Amino acid sequence: MKTSIGIKDADLKKVAKLLNVLLADEHIIYMKTRNAHWNVEGADFHAAHLFLESQYDELAEVIDEVAERVRTLGHYAVGTFDKYLKLTRLTESTSEKTDSQSYYKELLTDHESIAMSIRADIAVVEGTADNGTEDFLVGLLEKHEKMAWMLRAHFIK
């Protein structure tokens with residue numbers, strides 16, 4: 001059944017496409033965070049293991065929310081890693097180090113990158129009548145900024 005929520009079909013399509021790119025980014029950072037959780041080593045293992053678990057739990061919720069927003073707009077959410085890797089603005093993990101600081105640096109870079117991408121996405125969505133997605137993206141921006149802060153707090157100046 002056609003989505004009729006007061007937004008032009010072309011704008012719904014444009015926003016859904018943008019959200020699917022974000023969904024790909026969220027899946028990549030989720031997997032990188034899971035990988036860090038599974039493989040982190042060092043004297044701070046226990047604390048790092050628990051911290052990373054809290055981060056991937058939050059990302060799992062974000063993933064579901066993004067996918068559901070795509071469906072709310074009447075489009076289909078991307079659901080394969082092949083497509084995620086084609087759409088993502090991130091890269092897969094490159095570090096071979098397994099200490100928490102190495103993982104945190106890479107994840108911090110990714111959260112900051114996603115925050116910048118979301119800001120650009122908000123500007124695109126502002127050109128449509130999709131205030132719901134605009135508000136949704138602002139909420140996600142705040143989540144990524146907070147997760148970046150939590151990662152940044154692990155570094156001594």
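Only a predicted model underlies this, so the values are computations on that prediction, with no experimental measurement involved. Residue positions are given per chain, counting from 1 as you read along its sequence in written order. Per-residue local features of the predicted model are confined to residues with pLDDT of at least 70, and side-chain atom pairs are confined, for both listing and counting, to 80 or more; whole-chain, interface and lining totals are unaffected and use all residues. With hydrogens and water excluded, all non-hydrogen atoms of the structure serve as input to the side-chain values.

Draft legend 1. Highlighting the side chain of Asp 121. Runs of H or I in DSSP of at least four residues are treated as helices and runs of E of at least two as strands, each being numbered from the N terminus. By the element assignment, Asp 121 lies in helix 4 (residues 100-126). At a separation of 3.3 Å, a polar atom in the side chain of Asp 121 contacts the side chain of Arg 89. Residues contacting Asp 121, with those up to four places away along its chain left out, are Leu 18, Arg 89 and Leu 137. Distance and chemistry together define a polar contact, namely a pair of N or O atoms within 3.5 Å, with one atom able to donate a hydrogen and the other to accept it when in protein, and with adjacent residues in sequence counting only for side-chain atoms on both sides. When checking whether two residues touch, look at their non-hydrogen atoms; a contact exists if any pair is within 4.5 Å.

Draft legend 2. Inspection of a negative patch on the surface at higher detail. Together, Asp 57, Glu 58, Glu 61, Asp 64 and Glu 68 line one region of the surface with negative charge. Among the secondary structure elements, Glu 58 is positioned in helix 2 (residues 45-72). Relative accessible area serves as the criterion here: at 31%, Glu 58 is assigned to the partly exposed category. Any residue with relative accessible area above 30% and no salt bridge may belong to a patch, with like charges joined within 9 Å and the nonpolar Val, Leu, Ile, Met, Phe, Trp and Tyr side chains within 5 Å. Shrake-Rupley sampling with a 1.4 Å probe provides the accessible areas, and residues are treated as covered by the protein chains on show and by no other component. Definition used for salt bridges: Asp or Glu carboxyl oxygen within 4 Å of a side-chain nitrogen of Lys or Arg. All tallies of charge rest on Lys and Arg as positive and Asp and Glu as negative; His and the ends of each chain are not included. In plain terms, the charge of a residue is placed at NZ if it is Lys, CZ if Arg, CG if Asp and CD if Glu. Residue exposure (1.4 Å probe, protein chains only): buried if accessible area is under 20% of the type maximum, exposed if over 50%, otherwise partly exposed.

Draft legend 3. Geometry of the packing of helix 1 (residues 9-39) against helix 5 (residues 131-152). Between the N-to-C directions of two axes lies an angle of 0 to 180 degrees, each axis being a line fitted to C-alpha atoms and, for a helix, fitted only over the stretch in contact. Where helix 1 meets helix 5, the closest approach of the two axes is 12 Å, and the angle between their N-to-C directions is 20°. With respect to helix 5, the element helix 1 is oriented roughly parallel. Crossing angle aside, the handedness with which helix 1 passes helix 5 is left-handed. Every residue of helix 5 that contacts helix 1 at Val 15, Leu 18, Leu 19, Leu 22 and Glu 26 is listed here: Thr 133, Phe 136, Leu 137, Leu 140 and His 144. Side-chain classes follow a simple rule in which Ala, Val, Leu, Ile, Met, Phe, Trp, Tyr, Cys and Pro form the nonpolar group, Asp, Glu, Lys and Arg form the charged group, and the remainder, Gly included, forms the polar group. Of the residues contributing to the contact of helix 1 with helix 5, the split by class is seven nonpolar, two polar and one charged. When describing relative orientation, an angle under 35 degrees is termed roughly parallel and one over 145 degrees roughly antiparallel, while 65 to 115 degrees is termed roughly perpendicular and anything else oblique. When the near helix sits turned anticlockwise from the far one by under a right angle, the crossing is termed left-handed; a clockwise turn instead gives a right-handed crossing.

Draft legend 4. View of the packing of aromatic side chains. Think of it this way: a Phe, Tyr or Trp ring, Trp meaning its six-membered ring, pairs with another when their centres are within 6.5 Å, and the plane angle makes it stacked under 30 degrees, edge-to-face over 60, tilted otherwise. Counted under the stated rule, the structure contains three aromatic pairs. Seen in terms of ring centroids, Phe 81 and Tyr 84 are 5.2 Å apart; in terms of plane orientation they differ by 90°. Their pairing is edge-to-face. Placement of the pair is Phe 81 and Tyr 84 together in helix 3 (residues 81-87), with a separation of three residues, close to one helical turn. Residue classification places Tyr 84 among the buried residues on the basis of a relative accessible area of 4%. Comment: the charge-over-ring label is applied if NZ (Lys) or CZ (Arg) is within 6 Å of the ring centre and within 35 degrees of the ring normal. In this arrangement the basic side chain of Arg 34 is found over the ring face of Tyr 56, its NZ or CZ atom lying 4.0 Å from the centre.

Draft legend 5. Focus on the environment of Ile 122. When you line up the elements, Ile 122 lands in helix 4. In this structure, the C-alpha to C-alpha distance between Ile 122 and Lys 157, residues 35 residues apart in sequence, is 32 Å. Those residues in contact with Ile 122 that lie beyond four places of it in its chain are Glu 134, Leu 137, Val 138 and Leu 141.

Draft legend 6. Geometry of the pattern of salt bridges. What the rule picks out here adds up to ten salt bridges. Its salt-bridge partner being Arg 152, residue Glu 112 comes within 2.9 Å of it at the nearest N-O pair. Of the two residues, Glu 112 sits in helix 4 while Arg 152 sits in helix 5, which places them 40 residues apart along the sequence. The salt bridge partner of Arg 119 is Glu 145, with a shortest N-O separation of 2.5 Å. Residue Arg 119 is located in helix 4, and its partner Glu 145 is located in helix 5; the two are separated by 26 residues in the primary sequence.

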